[in-house]
Amino acid sequence: MSLIPDDVIEQVREAADIVGIIGEHVELKRTGSDFRAPCPFHGGTHRNFAVIPRKGMYYCFVCHAGGDVFTFFMKKLGMDYPTAVREVARRVGITIPERGPTGPDPREPLYSAVAAAADWFARQLLENPEAQVARDYLTTRHFDLETVQPLGLGYAPKGKAFLDAMKGLGVRDEVLLEAALLAKREDGTLAPRFRGRLLFPIHDLRARVVAFGGRILGEGEPKYLNSSDTPIFHKGKLLYNLHVAKHAIRKAERAILVEGYFDVLRLSLAGIEEVVAPLGTGLTPEQAQLVKRHASHVILLYDSDEPGLRAAFRAGDELLREGLRVSVATLPGGEDPDTLVQKQGAGGLEGILKDAVDVLERKIQILDRKGFFGTLPGRRRALDRLLPTIRAAKDPITRELYLSRAAEAAGVRKDVLEREAGITGGERREAGAAGASPVSRLPSPALPASAEKALLLLMLEGEPWLSRVTEAVDPEELEFPPYRAVFESVADDAVLALDDTSARAYEQLKAEGLGARDPNEMYELAVNWMEARRLERQLEQLDDQLPFESPDRQASLIAEKRRVFDELRKRYPRYKIAKRRRGAPGT
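Residues numbered from 1 in each chain as written. Predicted model: local features only at pLDDT ≥ 70, side-chain atom pairs only at ≥ 80, totals over all residues. Heavy atoms only, no water.

1. Some points on the layout of surface pockets
Which parts of space are left empty comes out when a probe the size of a water molecule is rolled across the atoms.
No. 1: By volume, the second largest pocket is sized at about 1200 Å³.
No. 2: Around the second largest pocket, the lining comprises 40 residues; the ones closest to its centre are Arg 314, Glu 318, Arg 321, Glu 463 and Leu 466.
No. 3: For the lining of the second largest pocket, the element with the most residues is helix α16 (residues 376–392), which contributes five residues. (1 Å grid on protein atoms, 1.4 Å probe; cavity = no way out; pocket = protein on both sides within 12 Å on 5 of 7 lines; lining within 4 Å. Points joined across faces, edges and corners; volume = space filled by probe spheres on them. Helix = DSSP H or I, 4+ residues; strand = E, 2+ residues; numbered from the N terminus.)

Structure below.
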């Protein structure tokens, strides 16, 4: 059977009248904005089965059957997914184009395993005595069970009950491992990935559960644990709640981006449904592209503390690169979206959303409040904070407006700022070749020419070098303290927090730029050098251990030293010669 394009499935789902289709099988009666009936799946006589047209879903509060219009046909009439889509398409008059490859989807066992797990976890939350801790926690967060049941929240008990349940359902261990529902310990035994956690189901755009986010209840780390990536789930390519929110986003002509699962739930339940969240990471380019498919305006509703602001501005730059209009809503101190809606309701939040300001304007407000525009060095550092957002603006009119506003705020000529903002890649190399690179007049520390410096120069080029360097190197590996401070501040988008010495190092590095150097060659040489330093540190640790070990253990350590040294010489043949010439660490 041919695969059906995702955009066609979306078109069919949006065109379907879920009330009319389900109403052919049960007698629905309106209750407010929803419709109720006896459940067609467990044969109930009371009206515990709800059809919620604004969300395109149904849910039974007794047997917990739920899904969209396609799921209804699958469960009621025994159809597989493609057949259900074709049947709904036939009813709404949409022609399904055929395309290869043919045959069953090889990932179907994974979808089935995750769906079975989601049903089981949801039942544990309602019925398992061990889940009382989760029910109590939801009560402290002011969520009642009847409210969260249709959202599919679940509980993962401790122990091996999950393993036994899946075995009873005929789900094989290897499928559970591939779906990231089990983990293999070092001794080869299997254990559930989620234990003692409140679970949030994560859906793909077809509304299929593909993964989970789990909050620990009680002691333990990490606080939140997501499914690892699998063939059906890539956390950087989905947004929490988008499968439901996309309809509201189009209607409201805006998307609200928040940080956490509970923020999404609180706003959705308060009637503000155009809300989504990343999955425990910073916003990725793929997630920004997802938002762009449904809205042209995004409001960032993050916590107003320093970490929240850093995350919001990073997300803002990512969205600007997709040509979106980005605003930042400012919450009162100590509040997050969840607590504010609890206290003030949807009306209180709407007032804050209406007062949202453009992302660059919000940066300028913060910099101005902290006094950065009051001194010449402060203005330079403020512009360094504003330039990434100016460069990120894909829309030419937005970028022009940003240049004018930043020039006005910092008291510099717009044409000067425009040249600074435009010096990237080849333009910067041409400027360097012509001797036009600006030179800092501030007193600066003597900056050693090293692999560490090369990595920082690459980071200051922005993406993709920033991501490549931070993935390859840990800040603790940088031995020259000002370089380490600059590395951490650039990685966290927090250069305003640098002390004077590190700030001058940062300004000197920015002024120097790459010049005519090849960034790919610089990266390879620098990363090889850092890897060589890692291996050298291993040798130093082995040397420290040797005098205190037994003869047998010493023989083993000497063999390990030989292995590490061989690896070191293989990766960097001239390393020892370079090291003798290098002198002090980091130089």
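2. Some words on the packing of helix α13 (residues 306–320) against helix α15 (residues 359–369)
No. 1: For the pair α13 and α15, interaxial distance at closest approach is 10 Å and the crossing angle is 150°. The handedness of the crossing between α13 and α15 is left-handed. Contact with α13, carried on its side by Leu 309, Phe 313, Asp 317 and Leu 320, involves Val 359, Arg 362, Lys 363 and Ile 366 of α15 and no other residues of that element.
No. 2: Of the residues belonging to the contact of α13 with α15, the class tally is five nonpolar, no polar and three charged. (Axes fitted to C-alpha atoms, helices over the stretch in contact; angles between N-to-C directions. Left-handed = near helix turned anticlockwise from the far one by under 90°. Contact = heavy atoms within 4.5 Å. Nonpolar A, V, L, I, M, F, W, Y, C, P; charged D, E, K, R; others polar.)

3. Remarks on the packing of helix α5 (residues 108–127) against helix α8 (residues 161–168)
No. 1: Closest axis-to-axis distance for the α5/α8 pair is 11 Å, and the angle between their directions is 125°. If you check the angle between α5 and α8, you find them oblique. In terms of crossing hand, the pair formed by α5 and α8 is right-handed. In contact with Ala 116, Ala 117, Trp 120 and Phe 121 of α5, α8 contributes Ala 161, Phe 162, Ala 165 and Met 166.
No. 2: Of the residues in the contact of α5 with α8, the class split is eight nonpolar, no polar and no charged. (Parallel < 35°, antiparallel > 145°, perpendicular 65-115°, else oblique.)

4. Considering the nonpolar core
No. 1: In terms of nonpolar packing, the biggest core is built from 66 residues, with Phe 162, Leu 198, Phe 212, Tyr 240, Leu 267 and Leu 301 touching the most fellow members.
No. 2: The dominant element in this core, judged by the number of residues it contributes, is α5, at ten residues.
No. 3: Once residues within four sequence positions are removed from consideration, Phe 162 is found in contact with Ala 117, Trp 120, Phe 121, Leu 176, Leu 181, Leu 182 and Pro 192.
No. 4: Counting residues in each nonpolar core, the second largest holds 48 residues, with Val 291, Ala 295, Ala 312 and Val 359 among its members. (Core = buried A, V, L, I, M, F, W, Y, C linked by side-chain atoms within 4.5 Å. Buried < 20%, exposed > 50% of the residue type's maximum accessible area, 1.4 Å probe, protein only.)

5. Quick word on the pattern of salt bridges
No. 1: Throughout the structure, instances matching the rule amount to 29 salt bridges.
No. 2: A salt bridge links Lys 343 to Glu 335; its shortest N-O distance comes to 2.8 Å.
No. 3: For Glu 335, a relative accessible area of 16% translates into the label buried.
No. 4: Arg 419 is the partner of Asp 415 in a salt bridge, and the nearest nitrogen-oxygen pair spans 3.7 Å. Of this pair, Asp 415 and Arg 419 both sit in helix α18 (residues 414–422), four residues apart, which is roughly one turn of that helix.
No. 5: For Asp 415, a relative accessible area of 32% gives the class partly exposed.
No. 6: Here the salt bridges share partners, and the residues they tie into one network are Glu 10, Arg 13, Asp 68 and Lys 246. (Salt bridge = Lys/Arg side-chain N within 4 Å of Asp/Glu carboxyl O.)

6. Here's the deal with the sheet that holds strand β6 (residues 154–156)
No. 1: The sheet built from four strands is open, its strands ordered β6-β9-β10-β11 with antiparallel pairing. Two strands bound the open sheet, and with one partner strand each, they are β6 and β11 (224–226). Geometrically, the sheet is characterised by an average inter-axis angle of 35° between neighbouring strands, direction not taken into account.
No. 2: Of the pairings in the sheet, the one linking strand β9 (residues 197–203) to strand β10 (residues 209–216) comprises seven bridges and is antiparallel in character. The residue bridging Phe 200 from the neighbouring strand is Gly 213, located in β10.
No. 3: Helix α11 (residues 261–269) contacts β9, β10 and β11 of the sheet and is inclined by roughly 70° relative to β9. (Pairing = 2+ DSSP bridges.)

7. Brief notes about the side chain of Arg 362
No. 1: Position of Arg 362 relative to the elements: it lies in helix α15.
No. 2: Setting aside its immediate chain neighbours within four residues, Arg 362 contacts Phe 313, Val 328, Thr 330, Val 357 and Arg 369.

8. Some details on the pairing of strand β4 (residues 57–60)
In the case of a regular strand, side chains alternate between the two sheet surfaces.
No. 1: Residues Met 57 and Tyr 59 point to one face of β4 and Tyr 58 and Cys 60 to the other, with burial holding for every one of them.
No. 2: Here strand β3 (residues 49–52) runs beside β4; their pairing, made up of four bridges, is antiparallel. Bridge pairing links Ala 50 to Tyr 59 in β4.
No. 3: As consecutive antiparallel partners, β3 and β4 are separated by four residues, and within that stretch Gly 56 has a phi angle of approximately 65°, a positive value.
No. 4: When β4 meets strand β5 (residues 66–67), the two strands line up antiparallel, connected through two bridges. Considered in β5, the bridge of Tyr 59 is made with Gly 66.
No. 5: What sits between the antiparallel neighbours β4 and β5 is a turn of five residues, in which His 64 has the positive phi angle 65°.

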